Amino acid sequence: MYTGKTEQPCCLCDDPETVARVDVPPRAVPMMKHSGPIAWRDIVGEVSIHFCESDWELVRDLVVEMDMNPLSRCNVARASFSIREDFEAFTSRTREEPDQTELESRLRADARETMANYGDDPMVEERDYVEASIVLDALSP
């Protein structure tokens, strides 16, 4: 039975013990490994990817130190997301294809605000900066 998004293992090494989660827009799915059969336009809401402690250090270094996006190394099979067809099967109702525009606008605005406040606002942590950088890179034209 469909239950929606679930906690997943590390998207890099499959370790079930994770320490960090990053939410990215559905548009980021094609950037990930093994994403070919997934219709990202049918994803409802954000896509969550999780990292174990050692891989989080690697992701942090890639983003903060090297200004690189780690998504190409992440296995989409280990991501957590909801697909419209799963919802339809669970509820026996047909839904319109999701319009990603509002979600992407919100994620872009939040990411820009986070990037602007990083270092000045004590409530903006390094994890927030890493997530914002990945989101902005995924949404860049």
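Scoring rules and cut-offs
- Residues numbered from 1 in each chain as written.
- Predicted model: local features only at pLDDT ≥ 70, side-chain atom pairs only at ≥ 80, totals over all residues.
- Heavy atoms only, no water.
- Helix = DSSP H or I, 4+ residues; strand = E, 2+ residues; numbered from the N terminus.
- Buried < 20%, exposed > 50% of the residue type's maximum accessible area, 1.4 Å probe, protein only.
- Contact = heavy atoms within 4.5 Å.
- Areas by Shrake-Rupley, 256 points an atom, 1.4 Å probe, with all protein chains shown as cover.
- Axes fitted to C-alpha atoms, helices over the stretch in contact; angles between N-to-C directions.
- Parallel < 35°, antiparallel > 145°, perpendicular 65-115°, else oblique.
- Left-handed = near helix turned anticlockwise from the far one by under 90°.
- Nonpolar A, V, L, I, M, F, W, Y, C, P; charged D, E, K, R; others polar.
- Expected span 1.5 Å × (residues − 1).
- Arc of directions from axis to C-beta.
- Salt bridge = Lys/Arg side-chain N within 4 Å of Asp/Glu carboxyl O.
- Pairing = 2+ DSSP bridges.

### Here we look at the overall build of the chain
- Each helix and strand counted, the chain has 4 helices and 3 strands in total.
- Counting helices and strands in the order they occur from the N terminus, the chain gives β-β-α-β-α-α-α.
- Every one of the 141 residues in the chain was classed for burial, and the buried ones make up 43%.
- Once local pairs closer than 6 in sequence are excluded, the contacts in the chain between residues at least 24 apart make up 76%.
- For the chain, the exposed area adds up to about 8,100 Å²; of that, 46% sits on carbon and sulfur atoms.

### Description of the packing of helix α1 (residues 53-65) against helix α4 (residues 126-139)
- As a packed pair, α1 and α4 sit with axes 10 Å apart at the nearest point and diverge in direction by 60 degrees. One finds that α1 runs oblique with respect to α4. α4 is crossed by α1, and the crossing has left-handed handedness. Of the residues in α4, those in contact with W56, V59, R60, V63 and V64 of α1 are E126, R127, Y129, V130, S133 and I134.
- By residue class, the composition of the contact of α1 with α4 is 7 nonpolar, 1 polar and 3 charged.

### Regarding helix α3 (residues 101-117)
- With 17 residues, α3 extends 24 Å from end C-alpha to end C-alpha; this agrees with the ideal 24 Å at 1.5 Å per step.
- Residues of α3 that are buried: L103, E104, L107, A111 and T114. Along the axis of α3, the buried positions cluster into a sector of 95 degrees, meaning they face one direction only. Structural note: α3 exposes E102, R112 and A116 on the side pointing more than 90 degrees away from its buried face.
- Close packing links the buried residues of α3 with β1 (20-24), β2 (43-51) and α4.
- At the C-terminal side of α3, G119 shows a positive phi close to 95 degrees.

### Side note on the pattern of salt bridges
- Inspection of the entire model under this criterion finds 10 salt bridges.
- Here R21 and D23 are joined by a salt bridge, their closest N and O atoms 2.8 Å apart.
- For R21, a relative accessible area of 43% puts it in the partly exposed group.
- Residue D23 is classed as buried on the basis of its relative accessible area, which comes to 14%.

### Let's talk about the environment of F81
- Position of F81 among the secondary structure elements: in strand β3 (residues 80-83).
- With 58 residues separating them in the primary sequence, F81 and D23 have C-alpha atoms 9.8 Å apart.

### Observations concerning the sheet that holds β1
- A sheet is described by the order of its strands in space; here 3 strands give the open sequence β1-β2-β3, paired in antiparallel fashion. Each having just a single partner strand, β1 and β3 make up the two edges of the open sheet. Sheet twist, expressed as the mean angle between neighbouring strand axes with direction ignored, is 20 degrees.
- Bridge count between β2 and β3: 3 bridges; the pairing is antiparallel. If you follow S48 over to β3, its bridge partner there is S80.

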